[in-house]
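Descriptive analysis of the structure
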Amino acid sequence: MRYEVKAVLSGKGTVFLELDADSEDEVRHQIAAQGGIVLNVRWSFANWIPKARLRFPLAHFSQELLSLLAAGLSLVESIETLLEKEEDAGVRNVIQGLLARIYEGVTFSHALEFYPQVFPALYVATARASERTGDLPEALTRFITYQTQMDLVRKKLIGASIYPALLLVIGLLVALFLLVFVVPKFSAIYEDIGGDLPWLSVLLIQWGRFVHEHGWQLAGAGMIASCLIVYVVTRPMFMARALQQLWRIPAIGEHMRVYQLARFYRTLGMLLRGGIPIAKALEMVSGLLQPHFRPRVKAAAASIREGKTISSAMEMEGLTTAVGSRMLRVGERTGLMGEMMERIGNFHDEEIARWVEWMTKLIEPLLMAVIGGVIGGIIILMYMPIFGLAGSIN
């Protein structure tokens, strides 16, 4: 929320500021971090104005912090340096809040917990684990590597879907242009032809006449329908239902399961390498999975606490594949369970990438054939009366 603050700052005297904070106490912490004294704080009416969500560059922040720590600066000096160079007001407020809490004597991980909308639980857990070993740079390196790999997989999936989506949108726009602008012109030409026309051509001509007579009403109805569709599609309930239906399709559901397991094992491996116990790590990563997976993760954690091996607990709850089970058993024998789980994640990511590439190569020609058939069919139906007229003249 935004607050209007009247404060006294060293070297500036009495000033009036507007700050973003979660509470009045946080506002006072921010002013105190600048060596100032708060005279008055009040809630700003600007909170009624919708504003964009803060986009904190977590990966960039972690990379810069790692570079400063590797250069020999202390944690406080590194965060002070990041605060001095930052120009974005929202990001500055977050870094300033972190610095104020560290000045108060709290740990870095505890300071991160004050900003759950910026620093995810995995990031906080990684920082907390590093405080036990005193090696924050190593923890940041692990998280940056993890985030880079996750972003790479996500970019592959998005990149593979761009061309089919673009092809579909362009095809629909061309078909809509023909139906709304071109067909009405032809229908006006064919009104006086008479004679027997193919019933599909007759329907097309009637559609063109309807668009010509009720164009504005049709445009208004189209806008309302588009807004309703966008509203429904963006609802979380609709997305949940759509995902449930996709999970029921065998060919797609199985690969969605493998993708979930890849994220699961990659994240779990990062936490284990950071020194977090397996049962605690399982509780933390369950939120990354679909809801129907979470009871299985909870049951697996309970089985491990009872003394069962990780591989047997995962197999019992269906949280692994044939390859994953073998690799887990190897990890148990070698004692390198964290590294082995990350390898399982890499293996399944490559499997998903191959499947997406194959599906893209299959879908693209199918989309082109369907869109070409629709557009070609409209054009043929528009010209069929001309072909009939030419035949009657001959």
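Numbers given to residues run from 1 along each chain, matching the order in which its sequence is written. Local features in this predicted model are restricted to residues of pLDDT 70 or higher, and side-chain atom pairs are both shown and tallied only at a pLDDT of 80 or more, whereas totals for entire chains, interfaces and linings draw on every residue. Calculated side-chain values reflect all of the structure's heavy atoms, with hydrogen atoms and water omitted.

**Describing the overall build of the protein**
The cut-off we apply is this: For the purposes of this entry, the term helix denotes a DSSP run of H or I that reaches at least four residues, the term strand denotes a run of E that reaches at least two, and both are numbered from the N terminus. Burial status follows relative accessibility: with a 1.4 Å probe on protein chains alone, a residue under 20% of its type maximum counts as buried, one over 50% as exposed, and anything between as partly exposed. Only heavy atoms enter the contact rule, under which two residues are in contact if any of them lie within 4.5 Å. Accessible surface is estimated by sampling points in the Shrake-Rupley manner with a 1.4 Å probe; for residues, cover comes only from the protein chains shown.
A count of helical and extended segments in the protein gives 16 helices and 3 strands. Across the 394 residues that make up the protein, the buried fraction comes to 38%. The long-range fraction of contacts in the protein, counting pairs at least 24 apart against all pairs at least 6 apart in sequence, stands at 57%. Taken as a whole, the protein presents about 23,000 Å² of accessible surface, with 64% of it coming from carbon and sulfur.

**Re the packing of aromatic side chains**
Put simply, the test is: Each pair of aromatic rings taken from Phe, Tyr and Trp, with Trp reduced to its six-membered ring, is defined by centres within 6.5 Å and is described as stacked if the planes are under 30 degrees apart, edge-to-face if over 60, and tilted in the remaining cases. A positively charged side chain is recorded as over a ring if its NZ (Lys) or CZ (Arg) lies within 6 Å of the ring centre. The angle to the ring normal must also be within 35 degrees.
As enumerated under the stated definition, the model contains 6 aromatic pairs in all. Clustering of aromatic rings is evident, with ring pairs tying together F56, F61, F119, Y123 and F143. Here R101 stacks its cationic end above the ring of F114, 3.9 Å away from the centre of that ring.

**What about the pattern of salt bridges?**
Which entries qualify depends on this criterion: For salt bridges, the criterion is a side-chain nitrogen of Lys or Arg within 4 Å of an Asp or Glu carboxyl oxygen.
Overall, the coordinates contain 10 salt bridges when judged by the stated rule. With its nearest N and O atoms 3.6 Å apart, the salt bridge here joins R142 to E138. One end of the pair is R142 and the other is E138, both in helix α7 (residues 136-190) and 4 residues apart, which spans about a single turn. Overall, the relative accessible area of 14% leaves R142 in the buried class. Its salt-bridge partner being E283, residue R305 comes within 2.5 Å of it at the nearest N-O pair. Of this pair, R305 sits in helix α13 (residues 294-305) while E283 is found in helix α12 (residues 278-285), placing the two residues 22 residues apart along the sequence. It is possible to trace a salt-bridge network through shared partners that takes in R273, E339 and E342.

**Comments concerning the packing of helix α11 (residues 250-273) against α12**
Keep this limit in mind: As a rule, the C-alpha atoms of each element are fitted with a line to give its axis, helices using only the stretch in contact, and angles between N-to-C directions run from 0 to 180 degrees. Angular relationships are summarised with four words: roughly parallel below 35 degrees, roughly antiparallel beyond 145, roughly perpendicular across 65 to 115, and oblique for the angles in between. Left-handed describes a crossing whose near helix is turned anticlockwise from the far helix through less than a right angle; right-handed describes the clockwise counterpart.
Between α11 and α12, the least distance of the axes is 10 Å, while the angle of their chain directions is 135°. On the basis of the axis angle, α11 is oblique to α12. Considering only the axes of α11 and α12, their crossing is right-handed. Contacts from F264, T267, L268, L271 and L272 in α11 reach I278, A281, L282, M284 and V285 in α12.

**Notes on the confidence of the model for the protein**
Regions with low pLDDT should not have their predicted coordinates read in detail. Definition in use: Each residue carries a pLDDT value, the predictor's own confidence for that position, ranging from 0 to 100.
The predicted model of the protein has a mean per-residue pLDDT of 79, with 87% of residues at 70 or higher. A low-confidence stretch, residues 45-52 (pLDDT under 50), is modelled with 5 contacts involving residues beyond four sequence positions or located in other chains.

**Details of the packing of α12 against α13**
Cut-off, in case you're wondering: Polarity classes work like this: nonpolar for Ala, Val, Leu, Ile, Met, Phe, Trp, Tyr, Cys and Pro, charged for Asp, Glu, Lys and Arg, and polar for all others, with Gly in that last group.
At a closest axis distance of 9 Å, the pairing of α12 and α13 adopts a crossing angle of 175°. It follows that α12 is roughly antiparallel to α13 by the angle criterion. Contacts between α12 and α13 pair I278, A279, L282 and E283 from the former with V297, A300, A301, I304 and R305 from the latter. The residue inventory of the contact of α12 with α13, partitioned by class, reads 7 nonpolar, no polar and 2 charged.

**A word on the environment of G90**
Relative to the assigned elements, G90 resides in helix α4 (residues 89-103). Between the C-alpha atoms of G90 and R55, which are 35 residues apart in sequence, the distance is 8.5 Å.

**Some thoughts on the environment of V106**
Positionally, V106 belongs in the loop between α4 and α5 (108-112). Given the relative accessible area of 25%, V106 is considered partly exposed. The residues touching V106, leaving out its near neighbours within four places in the chain, are R101 and A111.

**Some details on the side chain of E342**
One can find E342 in helix α16 (residues 337-393). Ignoring any residue separated from it by four or fewer positions in sequence, one finds E342 in contact with Y265, R266, G269, M270 and R273.

**Some words on the side chain of H255**
Defined as follows: N or O atoms within 3.5 Å of each other form a polar contact, as long as, within protein, one can give a hydrogen and the other can take it, and as long as residues adjacent in sequence are counted only when both atoms are side-chain atoms.
Considering the arrangement of structural elements, one finds H255 in helix α11. Within the structure, H255 has its side chain in polar contact with the side chain of W355 (distance 3.5 Å). Not counting residues within four places of it along the chain, the set of residues in contact with H255 comprises I352 and W355.

**Regarding the environment of R326**
Along the polypeptide, R326 turns up in helix α15 (residues 322-334). Look at R326 and you get exposed, because its relative accessible area is 60%. Sequence spacing of R326 and I344 is 18 residues, and the spatial spacing of their C-alpha atoms is 9.9 Å.

**Let's talk about a nonpolar patch on the surface**
Note the cut-off: Each patch is built from residues that are more than 30% exposed by relative accessible area and take part in no salt bridge. Like charges join if they lie within 9 Å; nonpolar side chains (Val, Leu, Ile, Met, Phe, Trp, Tyr) join within 5 Å.
Residues I229, Y231, V232, V233, F238 and M239 make up a contiguous nonpolar surface patch of about 540 Å² in total accessible area. Within the residue set of the nonpolar patch, elements represented by two or more residues are α9 (215-233) and α10 (236-248). Top element by residues in the nonpolar patch is α9. It accounts for 4 residues. Residue position: F238 is located in helix α10.

**Things to note about helix α2 (residues 58-70)**
To be explicit about the condition: Expected span, for any helix, means 1.5 Å times one less than how many residues it has.
Here α2 is 13 residues long and its end C-alpha atoms lie 18 Å apart, about the 18 Å a rise of 1.5 Å per residue gives. Every buried residue belonging to α2 is among L58, F61, S62, E64, L65, L66, L68 and L69, and all of these are buried. G72, located one to two residues past α2, shows a positive phi value of around 105°.

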